[in-house]
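# Structural features, examined
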Amino acid sequence: FSNWDIGFDQIGDLTTLKTLEYNLNVGNAAYEVGQWGDVLEAYNKVVQIDPYYIPGYFFLAYAYGMTDNYLGSVENYQQALMLVPDHHLALNNLAFTYMERGVHLNEAVRLAERAVALERRGTYLDTLGYGYYLLGQYDKALTYLEEALAEVDEEHRAEVEHHLQLVRQALEEGNED
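Residues numbered from 1 in each chain as written. Predicted model: local features only at pLDDT ≥ 70, side-chain atom pairs only at ≥ 80, totals over all residues. Heavy atoms only, no water.

Time to look at the environment of Val84. With respect to the secondary-structure elements, Val84 resides in the loop between helix H5 (70–83) and helix H6 (88–101). With relative accessibility at 33%, the residue Val84 sits in the partly exposed group. Along the primary structure Val84 and Ile54 are separated by 30 residues, whereas in three dimensions their C-alpha atoms are 8.4 Å apart. (Helix = DSSP H or I, 4+ residues; strand = E, 2+ residues; numbered from the N terminus. Buried < 20%, exposed > 50% of the residue type's maximum accessible area, 1.4 Å probe, protein only.)

Here's what the structure looks like:
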């Protein structure tokens, strides 16, 4: 090993690594305080430097969502899925993004089904159940949402309860006919 020599061309320009580290720090700090424009600026630089940095696409998708930029959010979840097609969080979040807009609902349910098949989390079950509700498949929705309610943490409980309430109301209205 004594004759090993590492040249500059093997390491590359260290300023790129410093720029990456700086933007990661700026992006994380901005995320913590909800400065979405700063998150977008920092993480766009991060993924330009390292286009395989999956968390960068999640930060971008979330920040775009918080600024009501639906297409920016979708594009970044899709980018994550192009890199890792079975990324359960990207599948779930893209599905829910579609559901929030009421678009591509069949595709959204398909994505949510894949997420649940990969990892059966309460939040994913909620997304799937909500998707079935939006498609008018209330019995399926009820099953998944009841399971979700039993599994979610306190932070997500209110949203699952709201979705369950929507399903139960739809089922009651269906029985009145």
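Moving on, there is more to tell.
This paragraph deals with the layout of surface pockets. Its volume calculated, the largest pocket comes out at about 890 Å³. Lining the largest pocket are 29 residues, with Tyr62, Tyr77, Asn93, Phe96 and Thr97 sitting closest to its centre. At the level of secondary structure, the elements contributing two or more residues to the lining of the largest pocket comprise helix H4 (54–66), H5, H6, helix H8 (122–134) and helix H10 (154–176). No other element matches the 8 residues that H4 contributes to the lining of the largest pocket. The residue makeup of the lining of the largest pocket, split by class, is 14 nonpolar, 9 polar and 6 charged. (1 Å grid on protein atoms, 1.4 Å probe; cavity = no way out; pocket = protein on both sides within 12 Å on 5 of 7 lines; lining within 4 Å. Points joined across faces, edges and corners; volume = space filled by probe spheres on them. Nonpolar A, V, L, I, M, F, W, Y, C, P; charged D, E, K, R; others polar.)

The next point concerns the environment of Leu125. Along the chain, Leu125 turns up in helix H8. Sequence separation of Leu125 and Tyr62 is 63 residues, and the distance between their C-alpha atoms is 20 Å. The contact partners of Leu125, leaving out residues within four places of it in the chain, are Val116, Arg120, Tyr144, Glu147, Ala148 and Glu151. (Contact = heavy atoms within 4.5 Å.)

Residue Asp68 is not a glycine yet carries a positive backbone phi of 60°. Inspection of the secondary structure assignment puts Asp68 in the loop between H4 and H5. With a phi close to 50°, His104 is a non-glycine residue in the positive phi region. Within the fold, His104 resides in the loop between H6 and helix H7 (105–118).

Turning next to the packing of H5 against H6. Orientation of H5 relative to H6, taken along the N-to-C sense of each, is 155°, at an axis distance of 9 Å. By the criterion of interaxial angle, the relationship of H5 to H6 is roughly antiparallel. Our pair here, H5 against H6, has a crossing hand that is left-handed. Where H5 approaches H6, its residues Tyr70, Ser73, Val74, Tyr77, Gln78, Ala80 and Leu81 are matched on the opposing element by Ala90, Leu91, Asn93, Leu94, Thr97, Tyr98 and Arg101. Taken together, the residues of the contact of H5 with H6 sort by class into 9 nonpolar, 4 polar and 1 charged. (Axes fitted to C-alpha atoms, helices over the stretch in contact; angles between N-to-C directions. Parallel < 35°, antiparallel > 145°, perpendicular 65-115°, else oblique. Left-handed = near helix turned anticlockwise from the far one by under 90°.)

Here the focus is the packing of aromatic side chains. Applying the stated rule across the entire model yields 10 aromatic pairs. Their ring planes at 10° and their centres at 4.4 Å tell us that Tyr43 and Phe59 sit as a pair that is stacked. Of this pair, Tyr43 sits in helix H3 (residues 36–49) while Phe59 sits in helix H4; the two residues are 16 residues apart in sequence, bridging distant segments of the chain. In terms of burial, Tyr43 and Phe59 fall into one category: buried. Taking the centre distance of 6.0 Å and the plane angle of 40° together, the rings of Phe96 and Tyr130 count as tilted. With Phe96 in helix H6 and Tyr130 in helix H8, this pair connects stretches of sequence that are 34 residues apart. According to the relative accessible area criterion, Tyr130 is buried, its value standing at 15%. In this structure an aromatic cluster arises from ring pairing among Tyr31, Trp36, Tyr43, Phe59 and Tyr62. (Phe/Tyr/Trp six-rings, centres within 6.5 Å; stacked < 30°, edge-to-face > 60°.)

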